[in-house]
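Listed below, chain by chain, are the residues.
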Amino acid sequence: MSPSVAAVGLGAFYVVDLALVLRVMPDGGDAARYLGVFNIAKALPQALAPVLAPALLALGSDPVGASADQNYFALFLGGAVAALLATALTPLIRHPRLVRD
């Protein structure tokens, strides 16, 4: 039951996310380019995380957990830093319809 609930939630999120992207799109003529950038922004973290995770797991031993060979603390700390960095950079995104020339 849990995977189906997660799938419904993720599907609802993607529908709202795509609706917001289409709403703030400045010009319909460049829709393919903007949707391509949107897709890269969604897919790139999913492609980079499996590449970066082994490097973070190999950073010594975990100072908090019982795992001596994998550093899950560094892995979750890296994820938290990435999330906080994204949150800090979000206000820099300009709404194309609100920007004055």
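Computed from a prediction, not measured in an experiment: that's the story for all the values here. (Residues numbered from 1 in each chain as written. Predicted model: local features only at pLDDT ≥ 70, side-chain atom pairs only at ≥ 80, totals over all residues. Heavy atoms only, no water.)

**Quick look at the packing of aromatic side chains**
Stage number 1. Scanning the model with the defined rule gives one aromatic pair in all.
Stage number 2. Measuring from ring centre to ring centre gives 5.9 Å for F13 and Y14, while their planes differ by 50°; the resulting arrangement is tilted.
Stage number 3. Taking the ring centre of Y34 as reference, the NZ or CZ of R33 above it sits at 4.9 Å.
Stage number 4. Over the face of the ring belonging to Y14 we find K42, whose NZ or CZ atom lies 3.8 Å from the ring centre. (Phe/Tyr/Trp six-rings, centres within 6.5 Å; stacked < 30°, edge-to-face > 60°. Lys NZ or Arg CZ within 6 Å of the ring centre and 35° of its normal.)

**What about helix α2 (residues 31-57)?**
Stage number 1. An ideal rise of 1.5 Å per residue puts 39 Å on 27 residues; α2 measures up with 40 Å between its terminal C-alpha atoms.
Stage number 2. When the local axis directions of α2 are compared, the greatest deviation, roughly 35°, occurs at A49, which is followed within four positions by the proline P50. (Helix = DSSP H or I, 4+ residues; strand = E, 2+ residues; numbered from the N terminus. Expected span 1.5 Å × (residues − 1). Bend = angle between axes of the 7 residues up to and from the residue.)

**Overview of the packing of α2 against helix α3 (residues 72-89)**
Stage number 1. Contact pair α2 / α3: the axes reach a minimum separation of 7 Å and the direction vectors enclose 135°. It follows that α2 is oblique to α3 by the angle criterion. In the crossing of α2 with α3, the sense of the turn from one axis to the other is right-handed. Contacts from A53, L56 and L57 of α2 reach α3 at Y72, A74, L75 and G78. (Axes fitted to C-alpha atoms, helices over the stretch in contact; angles between N-to-C directions. Parallel < 35°, antiparallel > 145°, perpendicular 65-115°, else oblique. Left-handed = near helix turned anticlockwise from the far one by under 90°. Contact = heavy atoms within 4.5 Å.)

**Topic: the pattern of salt bridges**
Stage number 1. Counted by the stated rule, this structure contains one salt bridge.
Stage number 2. Between R33 and D30 there is a salt bridge whose closest N-O contact spans 3.2 Å. (Salt bridge = Lys/Arg side-chain N within 4 Å of Asp/Glu carboxyl O.)

**Side note on the packing of helix α1 (residues 2-24) against α2**
Stage number 1. The interhelical angle for the contact between α1 and α2, taken along N-to-C directions, is 140°, at an axis separation of 10 Å. Comparing the axis directions of α1 and α2 gives the class oblique. By crossing handedness, the relation of α1 to α2 is classed as right-handed. Touching Y14, D17, L18, V21 and L22 of α1 are L35, F38, K42 and Q46, all from α2.
Stage number 2. In the contact of α1 with α2, the residues fall into six nonpolar, one polar and two charged. (Nonpolar A, V, L, I, M, F, W, Y, C, P; charged D, E, K, R; others polar.)

**With respect to the side chain of D17**
Stage number 1. Residue position: D17 is located in helix α1.
Stage number 2. Ignoring sequence-local partners within four residues, the contact set of D17 consists of F38 and K42.

**A closer look at the side chain of N71**
Stage number 1. Looking at the secondary structure, you find N71 in the loop between α2 and α3.
Stage number 2. At 3.1 Å, the side chain of N71 forms a polar contact with the backbone nitrogen of A74.
Stage number 3. If near-sequence neighbours (up to four positions away) are discounted, N71 is found in contact with L56, L57, L59, G60, S61, D62 and P63. (Polar contact = N/O pair within 3.5 Å; in protein donor to acceptor, adjacent residues only side chain to side chain.)

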